[in-house]
Structure formats: structure tokens, C-alpha cells
Amino acid sequence: MQTNNVYDTFFQQDEAAYIGAFSTLIKDSYSAPLPGDLVAMCKNQNQVTVSTVKSITTSMLSSDLQIFCGTETICTIPTGFTVTMNSNLNVAALVLDGSLVWNDVTQPSSDQWLCAGYIAVNGGQFDMNLTSKQGYIYIKNNGLKHPMVQTRAFGSYNAGKIRVSGRPLVRTWSLLADKATYAPTMPSSNGNAEDYTIGGFEAHNTIKLLSKDGTSTGVISSIFESKTLYTGENMSALMQAEVINLSRNIIITGDDFQHVNCVNDVVDGKPPDHIQADHCSCWKNINRNQCTLGLHTIAIGPGSVLSFQYTRIEKCGQRGILGKYCVHLHLISNCSDCKIIGNAFEYGHQRGTTIHGTHLATVENNVYNDIRGATIYVEDGNEMYNRIFYNVGICPWAKSGEKRGCTIPGTDNDQADTTLNQAGLWGLSFTSYAIGNRFANNYNGMLYQEQGFDSGRGLLSGLECLSFQQIGRLEGNTFHGCGRFGTYVLASVFPKKTDRSIEKNGLPTLSTCQEWTTSGEDNGLPATFMHNIDYNNVFVGQYNAGDLQYRFHTSINNNNLIYWKETKNFQDGCSAHIADSFYSSGNLALPDGHGTFILENMIFNDQVHFESSHHCQVGVTGVLCMPTYVFVNMKWTGVISDDRPILKWGPNNGAMFTLGPDDEKNFNGNKLFPAGFCSIVNPYWSYLLALDNGASCFNSNDIARLLNQDPGKFAQKYDGGAIFCKRPVRRLEIFTFNEDGGSYQPMRLELWQSGNLISSVTLNHFQIGDRKRGYSATVVPDLDHQYKLSMTNGGNISPNWIIEFSDPIFGNRWKRDEIDLVVAGRNCPYPVHSQHDRRYIWSGDNYLTVKGRGACTSFPDMPPADCRSQPKLSNVEDCPGKCPNGCTNGYCDCATGECLCNPGFSGLNCNIDTCAAAGCVNGNCAALYLGGSLFVTKKPCVCIDGWYGDRCDTTTPPVPDPDPAPTCFNGCHFYMDSDVAGGQFGGIAASDPKVCCTECNKNAACNSWVFFSYNCYLKTGTQRIHKSGVISGIKCSAGIDSSTNAPITTAPVTTASVTAAPITPNCDGKCKGQYPYGCNSGFQIGYCNAGGGCYYSITNDPNWCCFKGCNQQPSDTSSPVLTNAPTTVTVAPVSASCDGKCSGQYPYGCNSDFSIGYCSSWGGCSYSTMDDPNWCCFKGC
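- In the nomenclature of an unreviewed UniProt entry, the protein is known as EGF-like domain-containing protein of Rotaria sordida.

Right under this line is the structure:
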């Protein structure tokens, strides 16, 4: 799980730091080796001082063209003439009005190259297709500038067409099938991905590593994860490291990056876009003095084409110059021939692939590594139906440290490229397909951003309504390891029905951007994000969004499993906000909003916490902070501690947690709702305790006694206490307007039963911003009691105020809610019910534009919706007329009428079914969102818990693989995530674990060593114990040969005295599977739990079962020689203890290796200074 740190990444104003550290930033960036003659002839040659222009008058071979043009000439190929590439070609620049042909037949040698300062295809064609030979396009930095594509460019315009295609690859990326073992890396390695490249696969599931010069450096580290998890039907979390192929037989490369000074083009304001695209332009507020230039590729204008397939593009992007990216599809309009497929992008300094004012392009199966700024970028907001399929984008640099992640300052969009919101996929337009992509270690995984660009960007400013855009198909994407959000929608997204279309270039008639229909009903266009996976991020979700559903969503180990500020009821009157999803280990920051928030068919696993009315009354966020959260068919799995809080109340005594009507009996109970109870509300609503003579609602003390739990601890679980009811609860809200100078006295809500006043409650006026104001209450629906509402002085309720009770979804899906409501000054019908008028009240960011609507008025009820006959939300647009014959194993692209294959299918007519080939019996197909037609050969299925085998067809667990035999490197065995117990006698500072091995071999008394925090600690023992983030080693001569595991039988473990968990060597039935229960049996101590967790130190938590080392007698007699040495001694912090404030004992489930540590009552950990009273400091206070 990430911590919500402020990383040391680049802001827009950090150009000086970027320039100053540039050599450090690029020192590990990789570019492909080049033929010697290319380097000698083309690389870093002198600038062209005088260039002539020559134009051929007949078609010719490149060997003849070289003689004709020489190396200092801008060589022009007129219309009607063709150059055939039969040799290397080195010219100052190349302009193609005609054609260039380059293929395996025309190229006689095994490798061939073309060098030019720019290649400009002006209405002509550049056709290159090599499948068996190697080709290079080298863009020189020779100072030449073309009037359209500018400097260091490979581009087309005036309907020019560039088609470059290399050797096709069946797959360009895959996932690590098994977690690899550790051996030393190259000198000065920090164990980061940036330090090595893959050189091949070795025995024992290890991967050979190469240094940048190609020499072997060992095998890959175990820090690379490989874990799969069955999370539901057709839902699998493939939490596996991406393995990408960066080699291609066509390489587009060029001279090294160069910093150039900017030109101050205007005294005030900002220069127009064509100036910013022409050269390095600066102005007063841009925070830029230089630009950083590599090569760039581009297609400009309608009819132009840029198609790169199976090429490698490197050293690309021109930081600070508008429109100069590794690939740029610029204002082409419709371009189904623009196919960016199967390429490798690496070492880029201003975005990877940009889709700008272009529709129908395909960006598929590309791999991106070391690209600064947004990886895939979509602007200015009108783009439609582009196909962004199965790409992988990896930021290989740590977000803190010398590389500063993949952020970059000085571009035209700090939101997409800097620490503000750098993203793997950044988009202004939401109406495209994004399927099966994976983005790792970015600042955000995917960001659809409306905020700041709500009416369009650039030339489209004022022509779009981004908040209302139809949302395309977002499905099967994985975002992990992100410093902020995985999935991210910012900030107000409420899709509506408009007349946008490709025929209108993606621009709506602005008069169709309406919140309501002409009759005042919601004009929403519901959408769903499906089968996406978020793990190890800080946040997942959005700010304000409505008519947006998460379905089949897997969210694991994110600080916030969902983060949502404000929402509304669905336009269709039926849909859940989150459905059929799996949420594990984290906080649900649930929204306030208008209406009922439904979580349907949810599985909550391990420790999950519900934060109600998240962000309500912060700024202008929220409505009245009184949301209704309805749980339909909820399930709990894993290990959930009763000692941790499970929910948090929001402002205004708000939020109601209630079960769906079909679940209200709740015979068995769950971790949130005790058995027999179906509603939980804030303790402020104690007036409900009087209902039914006290037989329906109870306070938390009563429930604690009923459950034989400590009342204080039980109340703490519910944020200080709650009211628990055996009856459902609903909202009653009264929206006010700025009348009588804005002075509002409280309201009084009386509860009557059997003709008697049994209780009452005061409703205080509540306000957020200028328009969100009113009163709210929690009520129990039904007609066996009555509510009377008046001002506290007995006065009438203003006829202008809007009264709302419950929500129409209850009547549409189950049965309508009814209450007997008497309102002073109103003539309310009997009964008041949930289907009453809602017109013109709320539709997203526009609301309360009329007065006197709602309940207790003469306006007609809302039209009914039969949810039983209404299909569940789909992310496939319905356009039956476009594909009249239907689509077998596919879906209709409503823009083209073409059938696109469903995930898991490929080939002509979608006839290749990779999942059928897997044959999964009791599990899911792992290949569903991997793309391509190649079958998965290792672990093709993700099994339901309790099933095993390649096809999940047996209940017999496989025999665990033995721990890989350590290999002796330089006289030592190396181990990852491993400490050595006892016997410490010395230490030195070191930058690499290899130094530790060398020092230990020099000392006869040394048998082992530990490398931690750039220090080596020499030891006499050889007993390994688990310690995350620590590297250790044992001398090969210490009784261990290269084919046996290190012994773990000597010196005792040195820990603070604790009481061990249940001493039982057999955890069958208490943990998953059989011994060693999916854990590593190579450590001295091992614990497992029912949720599949593993732990390798003594614990007293009864939720853990000990399967190894259960008879250890811990000792506290030893002390470390060096204060910063890794050790198994647990020392209490000098600061105040967090016992009772956090879960368990020091270090409260957190990592005590950091200099600063904070814990929370719900199990959170943070390692930076905080001033939040909900967090307790346990180290570095």
C-alpha cells in the first residue's frame, strides 16, 4: 500500500532542477546500439551551415540518390517519383512529395539505415516494411527546420502517409508467472528496475539480468511481484509484474537530447499556438527558460496518416515545444488508418503517444518505458472512438529520489506531466475505448480530467461540454503502484445525452448540453467502468460524478479503495453505484450527494473501513451530508479484527447505513450489521429509540451487551457509537432558499405512534456554499407511525422549500417507501411516498433551479421504471442499426459499423477464443485482458479458493516447490527480505550488498552479513529470519554449498518478549490450502491466516495460525551493536505509546524501519509527518 506522501517530483516551476540534474535523470536511460557506420556517418555531426535543395527528375535507387544529393543537401522527391531503398542514405533532410519504398526485397544487406535532419512527407508516401532484416531511421540534430514539421522530425502533412512496419510479434508483453528469487545485481545497484535489463530466463524461476553494457550481473530480485487472486465470477486480479519486450527490428532514433534557450515572443500574455509549436517560446508566466529537444514524429491534418507497427521509437519528445511528442496524431479528424501497434517506446521527454483532434485511431499492444510526462495523452476534448487496447506503460523510476519518477516540468500542460497529475493515460475526451491496458508506478494510472478544461482546450475552448460527454468503454485495465490515484476522474463528470458525433467532429451543439429534458427529468446517460483492477495505490475514484458505475471492480490494498466526493441518483432509476465488485484492505471514502448510494453484490475482504460523507462540507463539496448507503447482498471474507473501527461519521450527524429490502431480516449478521439489525445511524438520531416501545432501535451499549462485547470498544468500532435499528431508514430533506435574509430557525420533527407523541428531534439548518442549504433527518418508513414537521416556533414550512423523502429507486426495484407525514403549512397527501416529483431538482452540478417542487406539492409523481425488466448497465453502446447482422464474440463499433472482438477473442470474425483454450473448470481465464491470440501456457487459470491445478479441476493442492537452491556469487549466498539472527560484531557503510560479501570474506569470524540502509552488518550466525526490505548473505564456506539451502538452525531469534499465537503445527482449516498454506517454509517462523496472508515473526494475534517455529522461546537478552542495524529486537518508541489508539502493539502492523512512523485505529500506516489527530506517531515524533 502506498503512503500519501508529497513526493520529490517535478512541479512546473522546477525547470532549473530538471536541467541541473539532467545527466542524472538520463544516466540509466537506454537507447539501442547502432551499426558502427551509422554512428560514424550520422551521430552528433556538425550543424549544417549552408544547405542546398535538390529535386530529382526521375525515380531512382537510394544508392543513386546518395550520389545525386550528397550529405549536405535537402533532397526532394517530387510527386510521381519513387526512391527505392537499396542502400544506406545520409542526407541533410528529405522531403517526399512522391514515394519512398523500403522492404526486405529492396534491402540487400542485413541492416540498413536512413539519416536526415528531418523527413517531411508532403502528400507523398513513406512505405517501410521489414520482417527479416534490420532497419534504422536516424533523425539528426543538424539545425535544419521544416516549415510544417519543424526540427528533428519525421512527419506527414497535406494528406501525406507514413507507414512503417517491422517484424510482427504475437505478444509484446506478458506478466511474471512466478515471483523470482534474489541474487546480486550490478555494482552500485539500489535494487530498482532501472538498474538492469532482462537477458533471459534461468532455472528456479529466476531471470538473468544484464547491465547496460550487456555483461551479466546476476538474476532478478524478488521485489518483483507475481500473485493472482480470484475475486469473483469472470474477475481475476493479476497482480504480477509486467515483462515487456523493448527490442524491435526497426529502430527510429536520433541524436542525444539538447537543451536550447527560449525566445521571449510576447511582452504580455501568451503567444499563439503556432508560435509555441514553431520553436522554444517563453513568456512571463510559463516558468520555462529552455527546451529539451529529441526527435518527434507527427501526422498533421485531415487525410494524413501515421502508422507505426512493431518499431522501436526512442530519444523522443521535445519538452517545451507544443505538439512535439514521440508520436502525435494532430488534428487529422477521422483516421482509421492511423495504427500505432506493437511498438516499443523508451527514453522520452514529453509524452509517449498523443491523440489530438483525431478519431478512430488504434493504439494497441505498445509498451512504454521511461517516458516522462503522460504516457498516452488525449486532447483537446472532441476525440471519439479511438481504440486504446492492451498497452503497458511502466515508469521505472522511484517517485522519490534522484529520478523523481516520470514527471517533467515546462510542458504546456502541468496537469498531465508534473507532480500535479502525471498519468499513464490522460484524457480530456472520455468517448474512446480503453481496454486491457496496464500502467505501473505513475503518479496516476488513468486520469479523465474535466477540471480546468470544462468547455474544451486550445482551439476547442468554448465548443465542448466535457462534464456531459458520453463515456466510452473503459474495461479490463490495471493500475498499480501509483503515487496518487489508480483510476481517476476529475472533477465533475455527469454524462448526458447530447448530439456529439464523428460527423460533427466530436463537437456537440451546445444547446443540447442540458441537465434536464424538456419535461424536467434527468437527461443523464449512465455509464459503467467494468473489470478494472486497482491495487497498491493511494486513491481510486473521483471527485464529483454521477451516472457512473463501477462494476466488476477489484480494488486491493489501496489506502482508499474508492474515493468519491459527490454523486446523485442514477438517471435510469435502477442502477447501483458500485456492483459485483471485490474490495480488500483499505478505506471506502464514500460520497455525499443527492439520493441513495447503492453497493450491490459486494465482497469485502480483510480490514475494510467505511468513511461516510467523505469530503462533505470541505469547500463546496457535498449536499446536506445525509447520504443513504444501501448494501444489497453484501459478503465478507478474510480476517477482520473487531478491535479496529469499521466506519466514520461525517458532518451534520449524517449518513445512514442500511441493508437492501431483500436483506433486511439479516439472520446471520456480518462485520458491519449485527444479526437481526438492518440499519445503522448516527447517535444523534436517538429519538428513534422510542419507536415500537423501544423494540426496534437500540444504542451501541445495548448491542455490545447483547453481543457480550466491551461497550467502550464496541462504540469505538462505530466512531464513538451508533443507533442500530431492525427497520430500514431513509432520508427526509428540506431544501431552503435564501429568504428572510438567510436567517433560519431550527425545525422540530415529532414522532407519533398510536396517537401519542413518543419523541422528537431538532433539525438545525445546514449550508454548503450559496445554494446547498436546508434541513435533514433520518426517518423510518412505514405507516404504523407518523411524523409532524414544523418550525420550532410552530411556524409553517415555506411553500418555496423543496421536501424530499427517500428515493424512487426503492419503488422501481422493490416497493415504494411510504410515510405518514404532516407538514405545517402544507397539504401533504397520505401517504407521502418515494415516487413523488423530483423534476428540476438535481442533475449533477446544476440543481435547485426551481422552487416549490418535490413532495407535498401538486406536481405529478415520477414515471415508473421496471428495474426487473431493465438490463444491467453495459459499457457497450447500443446501435443495432449499425451492425444489422450482429457481432459474434464481439460488439458493434457505433462509429464505423465494424464488429470489434470482445476481450479474450481475436482473429478474423473473432473466432479465436483464448479462454476456451484454457479450459478453466473452477476458475477464471487469465488471458481475458492480455490481448492478442497467444494462449497462456503457464497458470492459464485463476482458481476459486480451494481448487488447484492448471485448469482448477482438483481439490488436491500441488506439492510446494522447494525453495530455489542459492547460487554462490563471489563467495556468498544472497537472500532478499531476509535478516540473520544474532551474532553481530561489526559494520561498515556500503552502497551495495556485494561490498558486504567482500568484507565478510575478509574476516574469518564472519559467517554472514546484513545489508540495510546503505550499511553492512557483519554477523557470526547463519539463521535466517524474514524481514521485509532487508538483504542478507551467508558465506558459501560457512557449511553451505551451492546446491543446498542455508541452514536455519543456529542462534536463537532475538525479539522483544511477546506471547506466541496458537501453538499448532497443523493449520488445516484455519488457513488456505495445506502446508505451507501458500507461504514460504524457508524461514524459521511462519504464520498464516484464513485470508491467505503470511507472516514470519512471532505474533499474538489470534487471527493468525502458527505452522512453523511454534515452540520458539523468544529472548530479549541481546542488543544491536549499531543503532541503525537491522535487528529483530523491538524497542518501544521514545514518544508516547500508541497502544489503544492503533491496532495491536508496536509497531502496530507498520514498518518500523523508517525514520518516521504513524499508525491509525483502522490499521493505516504512514511514514511522513502528519498533523491529523486521527493518526498516532509511534516513531520519530
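Considerations on the side chain of His480
Right, on to step 1. Note that His480 resides in strand β46 (residues 478-480).
Right, on to step 2. In terms of polar contacts, His480 uses its side chain to reach the side chain of Tyr535, at 3.5 Å.
Right, on to step 3. In this structure, His480 is in contact with Glu242, Arg438, Phe439, Ala440, Asn441, Tyr535, Asn536 and Asn537, ignoring residues within four places of it in sequence.

Description of the pairing of strand β47 (residues 485-493)
Right, on to step 1. Burial within β47 is extensive, with nine of its nine residues counted as buried.
Right, on to step 2. As judged from the four bridges shared by strand β44 (residues 444-449) and β47, these two strands associate in the parallel manner. Residue pairing in the sheet places Gln449 in a bridge with Leu490 of β47.
Right, on to step 3. Bridge count for β47 against strand β50 (residues 539-545) is five bridges, and the pairing is parallel. Paired with Ser492 across the two strands is Asn544, which belongs to β50.

Re the sheet that holds strand β66 (residues 730-735)
Right, on to step 1. What the four strands build is an open sheet, ordered β69-β70-β66-β72; its pairing is antiparallel. Each edge of the open sheet is held by one strand with a lone partner, namely β69 (766-768) and β72 (802-805). Taken pair by pair, the neighbouring strands of this sheet meet at an average axis angle of 25°, ignoring direction.

Observations concerning the packing of aromatic side chains
Right, on to step 1. Enumeration according to the criterion identifies 50 aromatic pairs in this entry.
Right, on to step 2. With 5.2 Å between their ring centres and 50° between their planes, Tyr629 and Phe657 make a pair best called tilted. With Tyr629 in strand β59 (residues 628-632) and Phe657 in strand β62 (residues 656-659), the pair connects residues that are 28 residues apart, well separated along the chain.
Right, on to step 3. The class for Tyr629 is buried, based on a relative accessible area of 0%.
Right, on to step 4. Members of the aromatic cluster, joined through ring pairs, are Phe529, Tyr550, Trp564, Phe597, Phe604, Phe610, Tyr629, Phe631, Trp636, Trp649, Phe657 and Phe673.
Right, on to step 5. Directly above the ring of Phe68 sits Lys54, whose terminal nitrogen or CZ lies 5.5 Å from the centroid.
Right, on to step 6. The positively charged end of Arg473 is found above the aromatic ring belonging to Tyr891, 4.1 Å away from the centroid.

As for the state of the cysteines
Right, on to step 1. Across all of its chains, the model carries 24 disulfides by this definition.
Right, on to step 2. One disulfide in the model links Cys262 with Cys282; its S-S distance is 2.0 Å. Of note, the bridge from Cys262 to Cys282 carries an S-S torsion of about -130° and is left-handed in sense. Placement of the pair is Cys262 in the loop between β24 (258-261) and β25 (263-264) and Cys282 in strand β26 (residues 281-282), with a sequence separation of 20 residues.
Right, on to step 3. We classify Cys262 as buried; its relative accessible area is 18%.
Right, on to step 4. Residue classification places Cys282 among the buried residues on the basis of a relative accessible area of 1%.
Right, on to step 5. With a sulfur-sulfur separation of 1.9 Å, Cys616 is cross-linked through a disulfide to Cys625. One disulfide, between Cys616 and Cys625, carries an S-S torsion of -95° and so falls in the left-handed class. Across the pair, exposure class does not vary: Cys616 and Cys625 are buried alike.
Right, on to step 6. Among the cysteines around Cys482, which has no disulfide bond, Cys395 carries the closest sulfur, lying 9.7 Å off.
Right, on to step 7. Among the residues examined, Cys482 registers a relative accessible area of 0% and is labelled buried.

Things to note about helix α11 (residues 993-1002)
Right, on to step 1. Taken as a whole, α11 has its buried residues at Pro993, Cys996, Cys997 and Cys1000. Seen from one end, α11 has its buried residues packed into an arc of 100°, which puts them on one side.

Some thoughts on the side chain of Glu464
Right, on to step 1. Structurally, the position occupied by Glu464 is in the loop between β44 and β45 (474-475).
Right, on to step 2. Looking at Glu464, its side chain comes within polar contact range of the side chain of Gln469, at 3.3 Å.
Right, on to step 3. If near-sequence neighbours (up to four positions away) are discounted, Glu464 is found in contact with Gly381, Asn382, Asp454, Ser455, Gly456, Gln469, Arg500, Gly506, Leu507, Pro508 and Leu510.

Structural notes on the sheet that holds strand β27 (residues 290-293)
Right, on to step 1. The strand order across the open sheet formed by three strands is β24-β27-β31, and the pairing between neighbours is antiparallel. Across the chains shown, the open sheet's two edge strands, defined by having one partner strand only, are β24 and β31 (318-319).
Right, on to step 2. Alignment of β27 against β31, held across two bridges, turns out to be antiparallel. Residue pairing for β31: Thr292 is matched across the bridge by Arg319.

Overview of the nonpolar core
Right, on to step 1. Formed by 102 residues in total, the largest nonpolar core has its most connected members in Phe126, Phe604, Phe610, Phe631, Phe657 and Leu672.
Right, on to step 2. Mapping this core onto the domain boundaries places at least three of its residues in each of domain 1 (36-165) and domain 2 (656-725).
Right, on to step 3. In contact with Phe604, not counting residues within four places along its chain, are Tyr583, Leu588, Leu599, Phe610, Phe631, Met634, Lys635, Trp636 and Thr637.
Right, on to step 4. Leu624, Phe737, Ile819 and Ala855 belong to the second-largest nonpolar core, a separate cluster that totals 50 residues.

Comments concerning unusual backbone geometry
Right, on to step 1. Here Leu490 and Ala491 are connected by a cis peptide whose omega angle stands at -5°.
Right, on to step 2. Summarising the element assignment, Ala491 is placed in strand β47.
Right, on to step 3. The phi dihedral of Asp547 falls on the positive side, at around 55°, and the residue is not glycine.
Right, on to step 4. Assignment of secondary structure puts Asp547 in the loop between β50 and β51 (548-551).

Thresholds applied
Residues numbered from 1 in each chain as written. Predicted model: local features only at pLDDT ≥ 70, side-chain atom pairs only at ≥ 80, totals over all residues. Heavy atoms only, no water. Helix = DSSP H or I, 4+ residues; strand = E, 2+ residues; numbered from the N terminus. Polar contact = N/O pair within 3.5 Å; in protein donor to acceptor, adjacent residues only side chain to side chain. Contact = heavy atoms within 4.5 Å. Buried < 20%, exposed > 50% of the residue type's maximum accessible area, 1.4 Å probe, protein only. Pairing = 2+ DSSP bridges. Axes fitted to C-alpha atoms, helices over the stretch in contact; angles between N-to-C directions. Phe/Tyr/Trp six-rings, centres within 6.5 Å; stacked < 30°, edge-to-face > 60°. Lys NZ or Arg CZ within 6 Å of the ring centre and 35° of its normal. Disulfide = S-S within 2.5 Å. Arc of directions from axis to C-beta. Core = buried A, V, L, I, M, F, W, Y, C linked by side-chain atoms within 4.5 Å. Domains from an automatic or database assignment.

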